[in-house]
Amino acid sequence: MSAPHPADTVARLRATFRTGRTKPAAWRTEQLRRLRAMLTEQDAALVAALHADLGKSEYEARRTEIDFTVREIDHTLEHLDAWLRPEPAPVPAHLGGATAWTQYDPLGVVLVIAPWNYPAQLLLSPMVGALAAGNAVVAKPSELAPATSAALARLLPQYLDTEAVAVVEGGIPETTALLVERFDHIFYTGNAAVGRIIMTAAAKHLTPVTLELGGKSPVFVDRGTDIAAVAARLAAGKFLNAGQTCVAPDYVLTDPETARALEPALARAVEELYGTDPAASGTYGRIVNERHFDRLAALLDSGRVVTGGGHDRAAKYIAPTVLADVTPDAPVMQEEIFGPILPIVTVDGLDEAVAFVNDREKPLALYAFTESEATRERLASETSSGGLGFGLPLAHLTVSDLPFGGVGESGMGSYHGRYSLETFSHRKAVLRKDLA
Ligand code: NAD
């Protein structure tokens, strides 16, 4: 049976939306509960798919994809009624006797396009917001995580309202065909080159977009920090999912003396995480495909290898690698690494680090390890990034009450928790003045 034409899928979902079926809070919460049931009842199938696509360990699959999304659902279910309550607005004196308020309206039929690196979480977590806001949803998983894409295409229709939710699998041709259609919002996660394609297609219909992109997220390590503790947290954040995390620490900026102390500490931290042979650890992931493996392997000689460097194309394995003496013009510093390679670039100190960050595109995240309040304040006020993490990489995106998103080249718009509801709703202004 051939896949339905995208125009027919969108028309079918739009017809459902027009009936008003997706608007009541009861429909929204029911969909969220069913999605939660899918995640808990079908977790074994999802864990297996994530392992097939990315060599994800069961622990990592649960923590970063399944449990993460369950938490997002629980948070939304807990607060949705309160979030949806109309918010009164004060009226000016010349409108005496009138009342005014805002209310959240669903947008209509929205498109969610996901990437391969957290292929379940990054499709389902935006869907939580889209459904909570009362929309019909077309979900497009990544073809580069084919097992997860197939599992989600099979499972989602078993749990969710198929009149209002459709999964469209496929790669560039299928997505290109989808983008011809008119949506009421497009939520895209992936790289900035495709982000531009999405935005161009959306512009034809004046469709608003959320672009969750990437970039090189720097880590500043200050003098006088507890180097062993820094190395442990840095390595854990960097090498999770073999470095294929949008907010992974991309490179380290530090002074030469701290760099010298950090080198052996990072080597020890890697060994503590994955043993002397990470390939055999069972908890260390693999590179998604040969194309990315080749891209990453070519970056391995961008500096002096402190630890790692080993690789095996047949197994799509690249060891957790730390590179020292890396210069700003080295190949590894020209693009988002998106893999298990951590370059250390030396700077004089904070001034040069701030200038280094500001000379480049705005990153999705900026991290700093420092004991100094003044340094924290300067980084917060003098740099721009999607998110800012002091002392712990990645963790800000697990706080449901924080908006998650980029700025500039790292994206536009945000989501998670209440911010997802705002992204997938129209905040309508309402004024009422009675005649008598
Ligand atoms: P990808 O190749 O899976 O692409 C993402 C989606 O875009 C897929 O669904 C794919 O089918 C679609 N796509 C690809 N080419 C297309 C085209 N020409 N036209 C229309 N659609 C197309 O994933 P990727 O882009 O390699 O993902 C990695 C990037 O995503 C990195 O830059 C990473 O930092 C970023 N990322 C960002 C976030 C975030 O939340 N901000 C999360 C994960 C990844």
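Details of the structure are given in the entry above.
Residues numbered from 1 in each chain as written. Predicted model: local features only at pLDDT ≥ 70, side-chain atom pairs only at ≥ 80, totals over all residues. Heavy atoms only, no water.

So what about the layout of surface pockets? Which residues, and what values?
If you add up the space inside the second largest pocket, you get close to 540 Å³. Along the wall of the second largest pocket there are 27 residues; nearest its centre are R63, T64, A236, L240 and L394. When residues of the lining of the second largest pocket are traced back to their parent elements, those giving at least two are helix 4 (58-84), helix 5 (121-132), helix 9 (227-239) and helix 10 (256-274). A total of six residues in the lining of the second largest pocket trace back to one element, the largest contributor, which is helix 4. Its residues assigned to classes, the lining of the second largest pocket comprises 16 nonpolar, seven polar and four charged. (1 Å grid on protein atoms, 1.4 Å probe; cavity = no way out; pocket = protein on both sides within 12 Å on 5 of 7 lines; lining within 4 Å. Points joined across faces, edges and corners; volume = space filled by probe spheres on them. Helix = DSSP H or I, 4+ residues; strand = E, 2+ residues; numbered from the N terminus. Nonpolar A, V, L, I, M, F, W, Y, C, P; charged D, E, K, R; others polar.)

Residues and numbers for the site of the ligand, please.
Not every one of the 28 residues close to the ligand is listed here, only the nearest: A114, S142, E143, N191 and E336. The side chain of E143 places a nitrogen or oxygen atom 2.6 Å from an oxygen atom of the ligand. Contact distances for the ligand include 2.5 Å between an oxygen atom and a side-chain N or O atom of N191. Burial of the ligand by the surrounding chains reaches 94%, relative to a free accessible area of 850 Å². Where the shell around the ligand is concerned, the elements lending two or more residues are helix 7 (172-180), strand 6 (185-189) and helix 8 (192-203). Looking at the shell around the ligand residue by residue, the classes come out as 17 nonpolar, seven polar and four charged. (Near = heavy atom within 4 Å. Polar contact = N/O pair within 3.5 Å; in protein donor to acceptor, adjacent residues only side chain to side chain. Areas by Shrake-Rupley, 256 points an atom, 1.4 Å probe, with all protein chains shown as cover.)

Outline the pattern of salt bridges, listing residues and values.
Evaluated as defined, the whole model comprises 22 salt bridges. With a shortest N-O distance of 2.6 Å, E65 and K56 are connected by a salt bridge. Of the residues examined, E65 reaches a relative accessible area of 0% and is grouped as buried. Between E422 and R427 there is a salt bridge; the shortest N-O distance is 3.8 Å. Looking at E422, the relative accessible area reads 27%, which means it is partly exposed. Residues joined in a network through salt bridges with shared partners are D43, E58 and R62. (Salt bridge = Lys/Arg side-chain N within 4 Å of Asp/Glu carboxyl O. Buried < 20%, exposed > 50% of the residue type's maximum accessible area, 1.4 Å probe, protein only.)

I'd like to hear about empty space enclosed by the protein, residue by residue, with values.
Any empty space left between atoms is shown by rolling a water-sized probe over those atoms. The tally for this structure, following the rule as stated, stands at two cavities of 30 Å³ or more. Of the voids in this model, the largest cavity is the one considered here, and its volume is about 50 Å³. As for the largest cavity, its lining consists of G215, S217, K238, G243, T245, C246, A248, D250, E336, I337, F338 and G339. Looking at the lining of the largest cavity, its residues break down into four nonpolar, five polar and three charged. The computed volume of the second largest cavity comes to approximately 40 Å³. Along its surface, the second largest cavity is lined by F68, R71, E72, L397, T398, V399, S400 and H416. The class makeup of the residues in the lining of the second largest cavity is three nonpolar, three polar and two charged.

Everything listed here is a matter of coordinates, which is why it stays silent on function.
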